[in-house]
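Understanding the architecture of this molecule
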Amino acid sequence: MEVAVVNIQGKETGRKVTLSEAVFGIEPNNHVIYLDVKRYLANQRQGTHKAKERNEVAGSTRKIKKQKGTGTARAGSVKSPVFVGGGRIFGPRPKDYTQKLNKNVKRLARRSALSVKAQDKAIVVLEDFTFEAPKTKDFTAIVKSLGLEGKKSLFVLPSENNNVYLSARNLPTSKVVTVSELNTYEIVNAANVVLLEGSVQVLESILTK
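For clarity, every value in this text was computed on a predicted model and none was experimentally measured. (Residues numbered from 1 in each chain as written. Predicted model: local features only at pLDDT ≥ 70, side-chain atom pairs only at ≥ 80, totals over all residues. Heavy atoms only, no water.)

A word on the pairing of strand 2 (residues 12-18)
Where strand 1 (residues 2-6) lies against strand 2, four bridges are found, and the strand directions are antiparallel. For E2, the partnering residue across the bridge sits in strand 2 and is T18. Turn length for the strand 1-strand 2 hairpin, with the two strands adjacent in sequence and antiparallel, is five residues, and the turn residue G10 shows positive phi of about 85 degrees. (Pairing = 2+ DSSP bridges. Helix = DSSP H or I, 4+ residues; strand = E, 2+ residues; numbered from the N terminus.)

Looking at the packing of aromatic side chains
Considering all chains together, one arrives at three aromatic pairs under this definition. Ring centres 5.4 Å apart and planes at 55 degrees place the aromatic pair F129 and F131 in the tilted group. Positioned above the aromatic ring of Y97 is the side chain of R45, whose terminal nitrogen or guanidinium carbon lies 3.7 Å from the ring centre. (Phe/Tyr/Trp six-rings, centres within 6.5 Å; stacked < 30°, edge-to-face > 60°. Lys NZ or Arg CZ within 6 Å of the ring centre and 35° of its normal.)

What to know about the environment of G76
By secondary structure assignment, the location of G76 is in the loop between helix 2 (30-43) and helix 3 (103-119). Overall, the relative accessible area of 42% leaves G76 in the partly exposed class. It is 7.9 Å that separates the C-alpha atoms of G76 and T61, two residues lying 15 residues apart in sequence. Other than its neighbours up to four places away in sequence, G76 contacts T61, R62 and K63. (Buried < 20%, exposed > 50% of the residue type's maximum accessible area, 1.4 Å probe, protein only. Contact = heavy atoms within 4.5 Å.)

Notes on the side chain of T178
Following the sequence through the fold, T178 ends up in strand 5 (residues 174-178). Classification of T178 as buried rests on a relative accessible area of 9%. Here the side chain of T178 touches S180 through a polar contact of 3.1 Å, side chain to side chain. (Polar contact = N/O pair within 3.5 Å; in protein donor to acceptor, adjacent residues only side chain to side chain.)

Description of unusual backbone geometry
Its identity is not glycine, yet F90 carries a phi of approximately 50 degrees, on the positive side. With respect to the helices and strands, the residue F90 is situated in the loop between helix 2 and helix 3. Phi is positive for K121, close to 55 degrees, though the residue is something other than glycine. Checked against the element boundaries, K121 lands in the loop between helix 3 and strand 3 (123-126).

Topic: the packing of helix 2 against helix 3
Contact geometry of helix 2 with helix 3 gives a least axis separation of 8 Å together with a crossing angle of 110 degrees. Between helix 2 and helix 3, the interaxial angle falls into the category roughly perpendicular. For the pair helix 2 and helix 3, the sense of crossing is left-handed. Residues V32, I33, D36 and R39 of helix 2 lie in contact with helix 3, whose contacting residues are V105, K106, L108, A109, S112, A113 and V116. (Axes fitted to C-alpha atoms, helices over the stretch in contact; angles between N-to-C directions. Parallel < 35°, antiparallel > 145°, perpendicular 65-115°, else oblique. Left-handed = near helix turned anticlockwise from the far one by under 90°.)

Observations regarding the sheet that holds strand 5
Taken in spatial order, the six strands make up an open sheet running 2-1-3-6-4-5, and their pairing is mixed. Either end of the sheet is taken by a strand with one partner, and the two such strands are strand 2 and strand 5. Pairs of neighbouring strands in the sheet enclose a mean axial angle of 30 degrees, with direction left out of account. Bridge analysis of strand 4 (residues 153-157) against strand 5 gives five bridges, and the strand direction is parallel. Residue pairing in the sheet places F155 in a bridge with V176 of strand 5. Packing against the sheet, helix 7 (residues 197-207) makes contact with strand 1, strand 2, strand 3, strand 4 and strand 6 (192-196), and its axis sits at approximately 95 degrees to strand 6.

Description of the pattern of salt bridges
Scanning the model with the defined rule gives six salt bridges in all. Across the salt bridge formed by E127 and R15, the nearest N and O atoms sit 3.8 Å from each other. Of this pair, E127 sits in the loop between strand 3 and helix 4 (136-145) while R15 sits in strand 2; the two residues are 112 residues apart in sequence, bridging distant segments of the chain. Judged by its relative accessible area of 36%, R15 falls in the partly exposed class. Residues K175 and E186 are paired through a salt bridge, measuring 2.6 Å at the closest nitrogen-oxygen approach. On the criterion of sequence distance, the pair formed by K175 in strand 5 and E186 in helix 6 (residues 184-189) is long-range, its members being 11 residues apart. (Salt bridge = Lys/Arg side-chain N within 4 Å of Asp/Glu carboxyl O.)

As structure tokens, then:
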């Protein structure tokens, strides 16, 4: 599949990039995409939730009233869960939500997600660029020239570029990642995937191992 390379002004450069069918042209496996997205979201959870149970709350152990003759239910502690300020019954405890998938499954999920974007014509190949200094205004101009204003866009760089990253960090609808950071969730979550020209070959080499 051939895609025209555009410059930062949004105009075609006259060059074309051939996207590998093994990465951008496979039959998408929706179940694998679901598994990898679920794994990613689960791994974002801190799992630090905690509520005190009756053996952990502060309070006296004195029996608060006599056992019989009050006409109400017996009660032996102010820390009982039935009282305000008492412990919680089966409260949340710290938990590790981490999920794992095989490398081959994760690669298949990313290839499937990229193939979906390719089928939807939601992949843009942009010539390599850089900024001399971080400037959000310059990055916004690129987004606007590509016709992605107001749309969720994912920019994939071949390697780390701190100036480009910092220029996009403050934009709620744009995200910049390197090829090594690319994951299925980010691909699916974006309306358009913008691949820098230098990242195409690196991405294909990673996903076709």
